[in-house]
Each structure stands twice: as C-alpha cells, then as structure tokens.
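Coordinate inspection notes
So the chains spell out like this:
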Amino acid sequence: MDLYYLYRIIRKSSLIHNISKRSALQRIKYIFKPNDGLPKLKSGTIHWNNYSFYFTASYSTFYKASTKGIENQICRVILNNVDHNEFFIDVGANYGFISLVASFKVDNVISFEINPVISNVLKKTITKNKLDHKIDIRGFGVGDKHNRDIYLKYGSKELKSKIATLDSFEWNRKIGAIKIDIDGEDYRVLLGAKKILKKHSPIIIIEMNDNIELIYDTLLNTGYEYYYTTDGKEISPYMKVPNLVASIDPIIFSNKIETA
C-alpha cells in the first residue's frame, strides 16, 4: 500500500471516529517517523483556486496543501496587492506553497529557506514547474546579521547554513511585499531590512509569536499606518494577532483574485 494513502486514511480517521486531533497526529508521527528522523515526502499536483501546480512536501504539508491550501488569505493578499513587475520576498519559504502561488502573478519572487534540505526540495519543485525564470530560491536564512554561520538540527542531522540581511542585497526594482514566517526570529528580519522599509515601503506580512511590541515599534517608526489581520479586519497597533499585515496605504482584501 502507498504510505501516503495510508497517511490520508489515518488523518481522516480522526474525524470519522471522533479521535482527538492531537491523539491522531501523535499516532501518525509514530508510524511515519523514519530512522533518520527526516519527514517522508509526497509529490503531486495541487489545485488551488483556478491554479494547478506540481508540489513536493512532507506528508503533513502536502496533505494540508491538497485538502484546504496553505495560508490562503496571505496568498490572496499577495496576488491582489503586488504588481507583476515588483519583487515579492518570501522569508521562511519552507516547501514553497506561497512562493509558487505568488508566481502566477508576480514575475520576481525571491524565496529564502534556511534549511538546505528543504531548499533543495523547493529548487527541484521550481524547476519541475518551469518557474526558474520567476522564482529565485536562496538557501540561507534572513536576520539582522549578515554572513553569519548557523547550525540547524533537522531529524538526526546537524546542518550548516548562513544568515544574511535583506538590506545587504541590491534590489533593482520596487519590493511590493515581504512575507516573514521563521518561528520566533521574525523581528530580526525587520531589523535587517530597515533601509528597504524606508525606501520601498513594502506590504509586510509577519508572524507574531515574539517581540510583538518591538515589531509594531519598528513599523510605526517607519511610517506604516494600516494594520490588519490576514482576513482583512483593520486593527489598532500593538494588538496581538497570529499574523499581521501592515502597509503604508490601504490594501485590497478579497476572495476574488486579481490577475496580472
């Protein structure tokens, strides 16, 4: 039996048999945890809205992508507010769902993924989709220090990677939006992008786990006036939300997607 097919059955069984989500996921992790601790991968075609693309990811990520999509509201914000000739920067691209969706409209997607194993998977996915001319995958992390070595624990492996700042790169056209999702170090990305914030004023989509007050301080001090949840509700500064959307000007929130 195909292991991913079995995985799907177990995931669905938590709903069919009223098993708690946490209990079901614990069972799944136990069954599908390889000896090296690295996740098993699944490849196939994803259908999202009116788009279709080839995707490779861990079983859990692929299952989510194929059944309900990943960060759908964030994808719509990007597609509805970034012009085709602007840059979209994806910090913490993971397996690249958001980068791939963004490339259907945006011609210049820069994807940063610190984990070299995952970034290599994403690179192959980009090539499989014939999007090398649109998506530039950069296999290192982003923070407030440039050219710094970092070591990651991934399964049973220790991986070496690097950290760079966004301000250390030359950007030859306007940056329309930056998505930041790196599990707690998100504020450091802003610290290393202060020149970009002042020059380009991109839409910022940032995960808000830590340093919430400092994130708001940085954005307010750079002229950002509009703050939203990802579903378009306007909020006051310093409100705690899972993901924050910040902009200089009002932005479009719509389930209808603007095309290039």
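Summary of the structure given here. Counting of residues starts from 1 at the beginning of each chain's written sequence and follows it residue by residue. pLDDT decides what is reported in this predicted model: residues at 70 or higher carry local features, side-chain atom pairs at 80 or more are listed and counted, and totals for whole chains, interfaces and linings draw on all residues regardless. Just so you know, side-chain values use all the structure's heavy atoms and leave hydrogens and water out.

1. Quick look at the nonpolar core
- Core analysis: the largest hydrophobic core is formed by 47 residues, its most contacted members being Trp48, Phe53, Phe55, Ile78, Phe88 and Phe97.
- Should any heavy atoms of two residues lie within 4.5 Å, those residues are counted as being in contact. Sequence-distant contacts of Phe53, defined by excluding residues within four places in its chain, comprise Gly44, Thr45, Ile46, Trp48, Phe97, Leu100, Val101, Phe104 and Asn129.
- In these notes, a set of buried Ala, Val, Leu, Ile, Met, Phe, Trp, Tyr and Cys residues joined through side-chain atoms within 4.5 Å is what counts as a nonpolar core. Whether a residue is buried, partly exposed or exposed follows from its accessible area with a 1.4 Å probe, protein chains only, as a fraction of its type maximum: under 20%, in between, or over 50%, in that order. Grouped together as the second largest cluster of nonpolar side chains are 30 residues, Ile89, Val91, Phe112 and Leu244 included.

2. Some thoughts on the packing of aromatic side chains
- The aromatic pairing rule takes the rings of Phe, Tyr and Trp, using the six-membered ring of Trp, and pairs them if the centres are within 6.5 Å, calling planes under 30 degrees apart stacked, those over 60 edge-to-face and the rest tilted. Tallying each qualifying case throughout the model produces 16 aromatic pairs.
- Judged by centre distance (5.9 Å) and plane angle (85°), the rings of Phe55 and Phe97 are edge-to-face. Here Phe97 lies in helix α5 (residues 97-102) and Phe55 lies in strand β2 (residues 51-58), a separation of 42 residues in the sequence.
- Consider the rings of Phe87 and Trp171, whose centres lie 5.2 Å apart with planes at 80°: the pair is edge-to-face. Here the residue Phe87 occupies a position in strand β3 (residues 87-91), and Trp171 occupies one in the loop between β8 (157-164) and β9 (175-180), the gap between them amounting to 84 residues. In this text, helices come from DSSP runs of H or I with a minimum length of four residues, and strands from runs of E with a minimum of two, each type numbered from the N-terminal end.

3. As for the sheet that holds strand β7 (residues 148-154)
- By this definition, two strands are paired if DSSP reports at least two bridges between them. Taken in spatial order, the three strands line up as β6-β8-β7 in an open sheet, and their pairing is mixed. Of all the strands in the sheet, the pair left with one neighbour each is β6 (141-142) and β7.
- The pairing of β6 with β8 spans two bridges and is parallel. Looking at β8, one finds that Val142 is bridged to Ala164.

4. A closer look at the environment of Lys123
- Along the chain, the position of Lys123 falls in helix α6 (residues 116-128).
- On the basis of relative accessible area, Lys123 is assigned to the partly exposed category, the value being 49%.
- For the pair formed by Lys123 and Ile135, sequence separation is twelve residues and the distance between their alpha carbons is 9.0 Å.

5. Describing the pattern of salt bridges
- Think of a salt bridge as a Lys or Arg side-chain nitrogen and an Asp or Glu carboxyl oxygen that are within 4 Å of each other. In this structure the tally under the stated criterion is seven salt bridges.
- In this structure, the salt-bridge partner of Arg188 is Asp144, at a minimum N-O distance of 3.1 Å. With Arg188 in helix α7 (residues 186-191) and Asp144 in the loop between β6 and β7, this pair connects stretches of sequence that are 44 residues apart.
- Its relative accessible area of 38% is what places Arg188 among the partly exposed residues.
- Given a relative accessible area of 22%, Asp144 falls into the partly exposed group.
- Across the pair Asp149 and Lys160 runs a salt bridge, and its minimum N-O distance is 3.8 Å. Here the residue Asp149 occupies a position in strand β7, and Lys160 occupies one in strand β8, the gap between them amounting to eleven residues.
- Relative accessible area serves as the criterion here: at 35%, Asp149 is assigned to the partly exposed category.
- A single network of salt bridges, built from pairs that share partners, joins Asp144, Glu185 and Arg188.

By themselves these figures say nothing about function.
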